[in-house]
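Each chain, written out:
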Amino acid sequence: MFSRILIANRGEIALRIMRTCKRLGIETVAVYSQADRDALYLGMADHTICIGPPHPAKSYLYIKNIIAAAEIADVEAIHPGYGFLSEDAHFADICRSCKITFVGPSVEAMELMGNKVRARKVAMSAGVPVVPGSEAPVASDAEARDWARKIGYPVLIKAAMGGGGRGMRIAHNDASLASNLNAARAEAHAAFGDGSLYIEKYIESPRHVEVQILADEHGSIIHLGERDCTVQRRHQKMIEESPSPVLDRHARADIAAAAVRLMKAAKYTNAGTVEFLYDPAAKKFYFIEVNARLQVEHPVTEMVTGLDLVEEQLRIASGERLRWRQKDILNSGWAMECRVNAEDPYAGFKPCPGPVTRYVPPSGPGVRVDSHLYSGYAVPPYYDSLVAKVIVHGRDRSECIQKMRGALEEFILEGVKTTIPILKEVFEHVRFVRGNYDTRFIENEFKT
Ligand code: ADP
């Protein structure tokens, strides 16, 4: 196991990773931008290094400064968290050439999975169903139209390098396809530095179901069950749970087996997630993408499996063998997570950074809050607006719903607008309580 690592991230996930390191006796080096110098968790780190000004491109995404910090602090490994450099194969490659372990999959697996078109090909070769779509990025608008007609409208225009729901647009006919292609290309180019697009059939009423994978560098691979992340706004997750309320025993086993098959075919190592859309009416699932990193929603899997996924990531990255076989993984009860963002849910989820005047998180049996907030902390405007994750664990789904209602009610977070009010509404909504909704639930049922 490592004796000192650098955490190339900020906010709740930097703190979350640090906690596991403390428990395992691993020294931590925290890096921070000038906008994060007041982060309280910096006091928990063994070493702290300022890596630049607030703008992410000049700090958390600035490879030169991160590598310089790692060299100066003489770390053995870098944990990238999620977002920022976590899925940047170029960064992983630089780490490798500097003999610093990147806590994540190999450069090769990242390159394969980071591109959605390539990942789809691997899925098809592994016999995993994919959403019908173009087999390569479309070279021209005419080619996009041909594909769309072949697959049948409505179609979704997606960015090959996409993430965070960006560069994704629905087209219902030739005319809307033509007008959306340019906008999607520009958005993809601005967000990912690559404007390649592909076309996929738009699945009308899907659930988002994803499978957590762990794979070591010695050929062992297991899954930790699924998470259902159907409650989304603008293709971004708001609430996640495990298990999924819509899978029966057979569907659950099939989807997990498909995820394992795909990750084996990709020679994937470390923690990763295989995302699917699931059509409950047809009982069919379709691969959409692999997230080659720790996910924001990993705590729900931790709650039902009792594992610490960051610990497993560190063990795998240091060359250890998986300590578990598939039959050792006994998921128990139910878990749910709510993402609390500093946003105004009733003004189009507009980010609302600023000072937090009062912060008292909920607690109690089976309630966990992952957050870097404290009373007096100012949420900086430069980064993702996620400020806290409320996670509950109960015997079953209805116990989780009760616990989450209580936790959200108890949560005092004043000074900035947050998504807590809409989360509370969701937990009272009859369709949510019954488990009967699709990925458009929020846009269809709530005024946002
Ligand atoms: P990103 O990488 O930008 O997060 P994903 O491919 O993971 O994009 O998709 C995010 C969400 O967008 C999905 O959970 C789903 O709600 C929606 N989505 C993606 N592909 C489709 C599709 N073919 N049909 C319908 N909805 C889709």
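Residues numbered from 1 in each chain as written. Predicted model: local features only at pLDDT ≥ 70, side-chain atom pairs only at ≥ 80, totals over all residues. Heavy atoms only, no water.

1. Some words on the domain arrangement of the protein
Many analyses report the size of an interface as the accessible area lost when the parts associate. Splitting the protein by domain gives domain 1 (4-103), domain 2 (132-201) and domain 3 (207-445). Centre-to-centre, using C-alpha coordinates, domain 1 lies 35 Å away from domain 2. (Domains from an automatic or database assignment.)

2. Some points on the pairing of strand β11 (residues 236-242)
With respect to burial, β11 is a largely interior element, 6 of its 7 residues being buried. Where strand β10 (residues 221-233) hands over to β11, the hairpin turn is made up of 2 residues, of which Arg234 adopts a positive phi near 50°. In terms of strand pairing, β11 meets strand β14 (residues 334-341) through 4 bridges, oriented antiparallel. Paired with Glu241 across the strands is Met336, a residue of β14. (Buried < 20%, exposed > 50% of the residue type's maximum accessible area, 1.4 Å probe, protein only. Helix = DSSP H or I, 4+ residues; strand = E, 2+ residues; numbered from the N terminus. Pairing = 2+ DSSP bridges.)

3. Focus on the sheet that holds strand β2 (residues 27-33)
For sheets, the rule is that strands pair by backbone hydrogen bonds, running either parallel or antiparallel. Strand order in the open sheet formed by 5 strands is β3-β2-β1-β4-β5, with parallel pairing between adjacent strands. In this open sheet, the two strands that pair with only one neighbour each are β3 (47-52) and β5 (101-102). Sheet topology places strand β1 (residues 4-7) next to strand β4 (residues 77-79); 3 bridges connect them, and they run parallel. Residue pairing for β4: Leu6 is matched across the bridge by Ile78.

4. Side note on unusual backbone geometry
Geometrically, the link from Tyr153 to Pro154 is a cis peptide bond, its omega value of -5° lying close to zero. Residue Pro243 is bonded to the preceding Ser242 through a cis peptide linkage, with omega at -5°. Here Pro243 lies in the loop between β11 and α8 (249-265). Even without a glycine there, the phi angle at Arg234 is positive, about 50°. Tracing the backbone shows Arg234 in the loop between β10 and β11.

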